[in-house]
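One-letter residues, chain by chain:
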Amino acid sequence: MKSKTHTGNGYAAENGGCGGGGGGGGGSSSSPSPPLSPPRHSGVLHLRKKLRRTKSLSARMSLRYFFLLPLVYISGLLMCVGPFPFTFSSLIGHAPLPGSRYRSHEVFHKLWHEIDSDNSSFIELSSVWKYKRKLREKKPCPNLTALHHEHFVSPGLNGFLIVEANGGLNQQRSAICNAVAVAGLLNAILVIPHFEFHNVWKDPSEFGDIYDEDHFISTLDGYVKVVKELPEAIMERHNYNMSNITTIKVEAWAPVSYYTGAVYPILQKEGVLRIAPFANRLAMSVPPHVQFLRCLTNYKGLRFSSSISALADNLVYRMIEKSSRTDGKYIAVHLRFEEDMVAFSCCVYDGGNTEKLEMDSAREKGWRGKFKRKDRIIAPDLYRVNGRCPLTPLEVGMMLRGMGFNNNTSIYLASGKIYHAEKYLAPLIKMFPNLYTKESLATPDELAPFMGYSSQLAALDYTVCLFSEVFVTTQGGNFPHFLMGHRRFLYDGHAKTIIPDKRKLVVLFENTSISWNALKEQMDDMLTESDRKGIMVPRVRKINRKTSVYTYPLPECRCLQQSLVNATIDHDVDILDNYSRTKA
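Residues numbered from 1 in each chain as written. Predicted model: local features only at pLDDT ≥ 70, side-chain atom pairs only at ≥ 80, totals over all residues. Heavy atoms only, no water.

Peer 1: Lay out the pattern of salt bridges in plain terms, naming residues and giving numbers.
Peer 2: Evaluation of the coordinates by the stated rule reveals 20 salt bridges. Between Arg318 and Glu446 there is a salt bridge, and its shortest N-O distance comes to 2.9 Å. One end of the pair, Arg318, is in helix α12 (residues 306-322); the other, Glu446, is in helix α20 (residues 444-447), with 128 residues separating them in the sequence. The network of salt bridges with shared partners includes Glu213, Asp214 and Lys228. (Salt bridge = Lys/Arg side-chain N within 4 Å of Asp/Glu carboxyl O. Helix = DSSP H or I, 4+ residues; strand = E, 2+ residues; numbered from the N terminus.)

Next comes the structure, spelled out in structure tokens:
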């Protein structure tokens, strides 16, 4: 219908122009002036009025497009990333947008004396979180035995499912949980997921290097059958080559109907099926018994390997010991200020031309021309205004001191190698002398088996962050989202997480005239807002969930919650008891 209307309008406009010329020349149906006008008829006046309205509408629409299209084009450019630095303010001829320039270091130097002398607003870590989640009347948890008999009778009748999980630690974790859910949905036997080697993470670890395989298999027993490898007969049938097994690609966030309608018949026919890659390949909205498998896998089935758990427990114990001034409670900060993160963000800090050359080199090395395409631009000022730039250690430190955490507070820093650490870490250490990392808490010999394995190192960070009193996320991603969900699961629905309002921060940290008291008021509001958001539970109607069950595990994972939380608390109490006995 639209094409017909469009063609009709074009035809009317064309003939209106020609017809107007003919009519004006002779005013008669027999006018000899070329080109010929359409024959007149009794409705000619109505036709002329219609043509005038069409021309007027076309003119108005053309005028709108005249102004709108350049803006759309510019907006499209601003959404891209490209080969040359660009400022939106220079394009439109206005002053720089508030918050578009990195001046945090100037604000810090101006306020340092007041920051250093201000410990009056010290927050007791045990009283940071004031909001409590009001528990509504809950439906009784289903009898797990009944659930087992209803949905998971004789698991694995329909064949074997193989998945290739990709990404870093927590993207792989998501893939594992989804793989268990799909195996349960299809009544398939799941082969222990294989981890795809990624040229960014560069970690050759397999499932058993990170997680306890036997615990994983035994936890899911009765719900989903899991095996470590395919039977010999199936491998022989495919010439011992996994690539000979039927492999399919599944669309992202595929619904249950896709698996039951398109994948299930292939599995039944072939007896074994491989899905690669397998990340975010299952919709969040699934039936309750399938969602239960995600919960069971994430919070009970996935336990870190004994080597990771042993060192991680020691790191938690040592952080508690270092935090004796704050009753064994500490803050964990997930800081994303590694060189590749700064380069990928295309944000500009205070390093001048040297920084630009280093970032250009890092982008070319890591992404091979992606940032040099002619149709792309770099807009660091807009990225900063929109809260897309990684926070520097200095900015994290000013935020936390402004919130009332004094210089006795112990901080665990979960991070890769910080970009120019000697420069950018110095202000944070100045504000928080009790700053620790896995490298400072563990001996070189203890860390040696994990070096070069990014996911295993991330698992150490994950554990120490999980048991912190306060968790601070600075840049988003799978790591903080999984942690926020896990902490909600453990702490009665509260994430106990500080989520900075980065759009607000960049404006405050650019204002070199701001007073320390004014900044503190703003930071106190931000902490209160994080506290409030920490207890928020998304609306979930039956199986129509749109948000991540890994970030918001309630209410679906509630029925697992109490028994597993008690076990975790017992584990944490053991660490505290060990600490107390040592001190005694």
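Peer 1: I'd like to hear about the state of the cysteines, residue by residue, with values.
Peer 2: All chains considered together, the criterion is met by two disulfides. Bridging Cys295 to Cys557, the disulfide has an S-S length of 2.0 Å. Linking Cys295 and Cys557, the disulfide has an S-S dihedral of approximately -75° and is accordingly described as left-handed. A residue pair is termed long-range when its members are at least 10 positions apart, and Cys295 in helix α11 (residues 288-301) and Cys557 in the loop between α24 (516-534) and α25 (558-583) qualify at 262 residues. Given the relative accessible area of 1%, Cys557 is considered buried. One disulfide bridge connects Cys347 with Cys389, the sulfur atoms lying 2.0 Å from each other. Since a negative S-S torsion denotes a left-handed disulfide, the Cys347-Cys389 link at about -95° is left-handed. (Disulfide = S-S within 2.5 Å. Buried < 20%, exposed > 50% of the residue type's maximum accessible area, 1.4 Å probe, protein only.)

Peer 1: I'd like a rundown of the nonpolar core, residues and numbers included.
Peer 2: Within the largest apolar cluster, 83 residues are counted, with the highest numbers of intra-cluster contacts made by Tyr211, Phe216, Tyr259 and Leu460. Per element, the largest residue contribution to this core is eleven residues, and it comes from helix α6 (residues 169-186). Residues in contact with Leu460, not counting those within four places in the same chain, are Ile308, Leu311, Ala312, Leu315, Lys438, Leu447 and Phe450. Ranked by size, the runner-up nonpolar core spans 57 residues in total, among them Met359, Tyr419, Ile498 and Leu505. (Core = buried A, V, L, I, M, F, W, Y, C linked by side-chain atoms within 4.5 Å. Contact = heavy atoms within 4.5 Å.)

Peer 1: Got a sec to walk through the side chain of Ser100? Specific residues and values, please.
Peer 2: Mapped onto the elements, Ser100 comes out in the loop between α3 (88-92) and α4 (104-117). Ser100 sits in the buried class, given a relative accessible area of 9%. In this structure the side chain of Ser100 is engaged in a polar contact, spanning 2.7 Å, whose partner is the backbone oxygen of Leu97. Not counting chain neighbours up to four residues away, the residues in contact with Ser100 comprise Asp381, Arg384, Val385 and Glu510. (Polar contact = N/O pair within 3.5 Å; in protein donor to acceptor, adjacent residues only side chain to side chain.)

So far we have only geometry, and geometry alone does not tell us how the molecule works.
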